[in-house]
Amino acid sequence: MSKVHAVITAVGGYLPDYILNNHELSTMMDTSDEWITTRIGIKERRILKKENTGTSYMAAKAVEEIFEKTGVKPEEIDVVICATSTPDYIFPATAAVVCERVGIKGALAYDLQAACSGFIVGLTSATAFVESGRFKKALVIGAEKMSSITNYEDRATAPIFGDGAAAVLVEPTNEELGVMDAILHTDSTGIKHLHMKAGGSMMPASHETVDNKLHYVYQEGQAVFKNAVYDMAEVSAEIMERNNLTGDDISWLIPHQANLRIIDAVQKRTGVDHDKVLINIEHIGNTSAASIPIGLWEMEKKFKKGDNIILTAFGAGFTWGAIYLKWGY
Ligand code: UT7
């Protein structure tokens with residue numbers, strides 16, 4: 001019998017309506033459209049402004065789109081994995097809140113914390129579940145309300161992040177399609193360069209932590225930049241080499257959207273044509289765990305069955321990795 005593969009069979013996504021552009025940002029802090037465009041590559045990002053809504057609101061919209069497109073019913077879902085650094089609550093899992101919002105009952109639902117690499121870690125986990133036969137229908141969500149942990153007085157981090165969500169449905173197939181390979185890594189020496197200082201069990205929220213603005217992304221940009229360039233480029237090249245793929249064999253390269261200069265470096269190292277590389281950072285910004293599935297969602301119409309696709313991400317932890325998949329439809 002041929003091997004069971006885990007294949008993406010549908011994608012859904014959601015972006016909030018509000019557009020925060022560089023001009024508006026430059027009225028809030030000492031920055032400029034020119035600096036942000038040349039150093040990061042971002043022109044605008046989406047912000048979830050709707051009152052009393054968090055990450056689950058956007059994640060649920062993405063999942064509902066999948067149900068609408070496919071006719072799959074909530075009761076058919078076996079597992080929901082939500083990759084996020086901005087959960088609705090510390091507990092319970094945002095994945096559980098999504099289930100409540102969309103009517104999924106009885107499925108395993110949990111959150112996954114691997115920062116900007118969360119989606120590729122989630123897709124790898126779902127692949128293992130599906131390949132093993134344990135589950136038949138898995139939802140993997142990447143969803144972030146990064147605006148909830150962004151300090152809009154800090155010009156070093158505020159221009160980078162945006163909000164959004166997207167999800168994929170993963171199912172078994174006997175065809176030579178779906179997730180073919182994955183490489184995932186963590187290097188904890190990177191923790192000091194990128195983290196949020198307060199709000200967890202080590203430093204619970206207090207008047208002092210709020211006064212000292214410790215509930216926001218803390219990032220030493222240059223250290224993160226150097227590691228992101230090297231690790232994303234190398235891991236993408238490694239997964240291509242061990243699957244005997246050259247740049248010419250790759251239909252699409254979907255890198256995490258952190259910085260246009262990082263994306264360019266990955267493109268050069270892998271030898272994939274520039275016009276086969278997803279670049280949506282200009283209008284979406286860095287949506288952390290949501291950036292790769294949002295990319296899949298935006299590109300879906302261009303994909304053809306059997307396309308060779310490389311996904312690659314880098315984020316806090318440091319965590320990074322790459323997935324090689326063959327598109328399923
Ligand atoms: O997604 C998770 C992983 N995260 C990443 O991959 C992010 C990786 N890092 C980066 O993308 C870049 O390091 C940043 C975009 C965060 C920063 O760009 P940079 O080219 O590394 O700038 P820098 O921090 O070295 O700052 C250069 C200069 C500084 O001024 P001086 O000291 O040279 O006078 C900053 O104060 O640019 C200044 N600067 C700004 N100026 C205008 C920093 N932010 C701004 C700003 N507007 N927004």
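Please read these numbers as outputs of a predicted model, since none were measured by experiment.

## Quick notes on the sheet that holds strand E11 (residues 252-255)
Link 1 in the chain: Strand order in the open sheet formed by four strands is E8-E13-E12-E11, with mixed pairing between adjacent strands. Among the strands making up the open sheet, the edge pair consists of strand E8 (178-186) and E11. Sheet twist, expressed as the average angle between the axes of neighbouring strands with direction ignored, equals 10°.
Link 2 in the chain: Strands in contact with helix H5 (residues 118-132) are E8, strand E12 (308-315) and strand E13 (319-326); relative to E8, the strand with the most contacts, it is inclined by about 130°.

## Points about empty space enclosed by the protein
Link 1 in the chain: Throughout the structure, instances matching the rule amount to one cavity of 30 Å³ or more.
Link 2 in the chain: Counted as a void, the largest cavity has a volume near 30 Å³.
Link 3 in the chain: Along the walls of the largest cavity sit Ala6, Val7, Ile8, Gly178, Val179, Leu325, Lys326, Trp327 and Gly328, which together make up its complete lining.
Link 4 in the chain: For the lining of the largest cavity, the elements supplying multiple residues, two or more each, are strand E1 (5-14), E8 and E13.

## Observations regarding the site of the ligand
Link 1 in the chain: In the region of the ligand, 22 residues are neighbours, and Thr31, Arg155, Gln222, Asn259 and Asn286 sit closest.
Link 2 in the chain: Taking Arg39, its side chain carries an N or O atom lying 2.8 Å from an oxygen atom of the ligand.
Link 3 in the chain: Relative to its free-state accessible area of 950 Å², the ligand is covered by the protein chains to the extent of 73%.
Link 4 in the chain: Elements with a minimum of two residues in the shell around the ligand: helix H2 (33-39), helix H7 (221-242) and helix H8 (260-270).
Link 5 in the chain: The dominant element in the shell around the ligand, judged by the number of residues it contributes, is H7, at four residues.
Link 6 in the chain: Of the residues assigned to the shell around the ligand, the class counts are eleven nonpolar, seven polar and four charged.
Link 7 in the chain: Among the domains, domain 1 (5-176) and domain 2 (180-326) are the pair contributing at least three residues each to the shell around the ligand.

## A few points about the side chain of Asn286
Link 1 in the chain: Mapped onto the elements, Asn286 comes out in the loop between helix H9 (281-284) and helix H10 (291-299).
Link 2 in the chain: We classify Asn286 as buried; its relative accessible area is 5%.
Link 3 in the chain: Sequence-distant contacts of Asn286, that is, excluding residues within four places in its chain, are made with Ile42, Cys116, Met146, Ile160, Phe161, Gly162, His256, Gln257 and Ala258.

## Remarks on the packing of aromatic side chains
Link 1 in the chain: As enumerated under the stated definition, the model contains seven aromatic pairs in all.
Link 2 in the chain: Between Trp252 and Phe303, the ring centres sit 6.1 Å apart and the planes meet at 55°, which makes this aromatic pair tilted. Of this pair, Trp252 sits in strand E11 while Phe303 sits in the loop between H10 and E12, placing them 51 residues apart in sequence.
Link 3 in the chain: We classify Trp252 as buried; its relative accessible area is 14%.
Link 4 in the chain: Pairing Phe314 with Phe318 gives two aromatic rings, centres 4.8 Å apart and planes at 45°, and the pair type is tilted. By the burial criterion, Phe314 is buried, and Phe318 matches it.
Link 5 in the chain: Linked through ring pairs, Trp252, Phe303, Trp327 and Tyr329 together constitute an aromatic cluster.
Link 6 in the chain: The ring of Tyr18 carries Lys49 above its face, with NZ or CZ at 4.5 Å from the centroid.
Link 7 in the chain: For Lys197, the ring lying beneath its charged end belongs to Tyr218, and the centroid distance is 4.0 Å.

## Some words on the domain arrangement of the protein chain
Link 1 in the chain: Once the domains are mapped, the protein chain shows domain 1 (5-176) and domain 2 (180-326).
Link 2 in the chain: A C-alpha centroid distance of 14 Å is found between domain 1 and domain 2.
Link 3 in the chain: The interface is formed by 53 residues belonging to domain 1 together with 45 residues belonging to domain 2.
Link 4 in the chain: Summed over both partners, the interface of domain 1 with domain 2 comes to about 3,700 Å²; 65% of that surface belongs to carbon and sulfur atoms.

## Here we look at the sheet that holds strand E5 (residues 108-112)
Link 1 in the chain: Within the open sheet, the five strands sit side by side as E1-E7-E6-E4-E5. Their pairing is mixed. Each of the sheet's edge strands pairs with one partner strand only, and the pair in question is E1 and E5. The sheet shows a mean angle of 20° between the axes of neighbouring strands, taken without regard to direction.
Link 2 in the chain: The strands touched by helix H3 (residues 55-70) are E1, strand E6 (138-145) and strand E7 (163-173); relative to E1, the strand with the most contacts, the crossing angle is about 120°.

## What to know about a negative patch on the surface
Link 1 in the chain: Taken together, the side chains of Asp248, Asp249, Asp273 and Asp275 define an acidic patch exposed on the protein surface.
Link 2 in the chain: Positionally, Asp273 belongs in the loop between H8 and H9.
Link 3 in the chain: Its relative accessible area of 39% is what places Asp273 among the partly exposed residues.

Quick notes on the rules
Residues numbered from 1 in each chain as written. Predicted model: local features only at pLDDT ≥ 70, side-chain atom pairs only at ≥ 80, totals over all residues. Heavy atoms only, no water. Pairing = 2+ DSSP bridges. Helix = DSSP H or I, 4+ residues; strand = E, 2+ residues; numbered from the N terminus. Axes fitted to C-alpha atoms, helices over the stretch in contact; angles between N-to-C directions. Contact = heavy atoms within 4.5 Å. 1 Å grid on protein atoms, 1.4 Å probe; cavity = no way out; pocket = protein on both sides within 12 Å on 5 of 7 lines; lining within 4 Å. Points joined across faces, edges and corners; volume = space filled by probe spheres on them. Near = heavy atom within 4 Å. Polar contact = N/O pair within 3.5 Å; in protein donor to acceptor, adjacent residues only side chain to side chain. Areas by Shrake-Rupley, 256 points an atom, 1.4 Å probe, with all protein chains shown as cover. Nonpolar A, V, L, I, M, F, W, Y, C, P; charged D, E, K, R; others polar. Domains from an automatic or database assignment. Buried < 20%, exposed > 50% of the residue type's maximum accessible area, 1.4 Å probe, protein only. Phe/Tyr/Trp six-rings, centres within 6.5 Å; stacked < 30°, edge-to-face > 60°. Lys NZ or Arg CZ within 6 Å of the ring centre and 35° of its normal. Buried area = accessible area lost by both parts, 1.4 Å probe. Patch = residues over 30% accessible without salt bridge, like charges linked within 9 Å, V, L, I, M, F, W, Y side chains within 5 Å. Salt bridge = Lys/Arg side-chain N within 4 Å of Asp/Glu carboxyl O. Lys, Arg positive; Asp, Glu negative; His and termini not counted. Charge placed at Lys NZ, Arg CZ, Asp CG, Glu CD.

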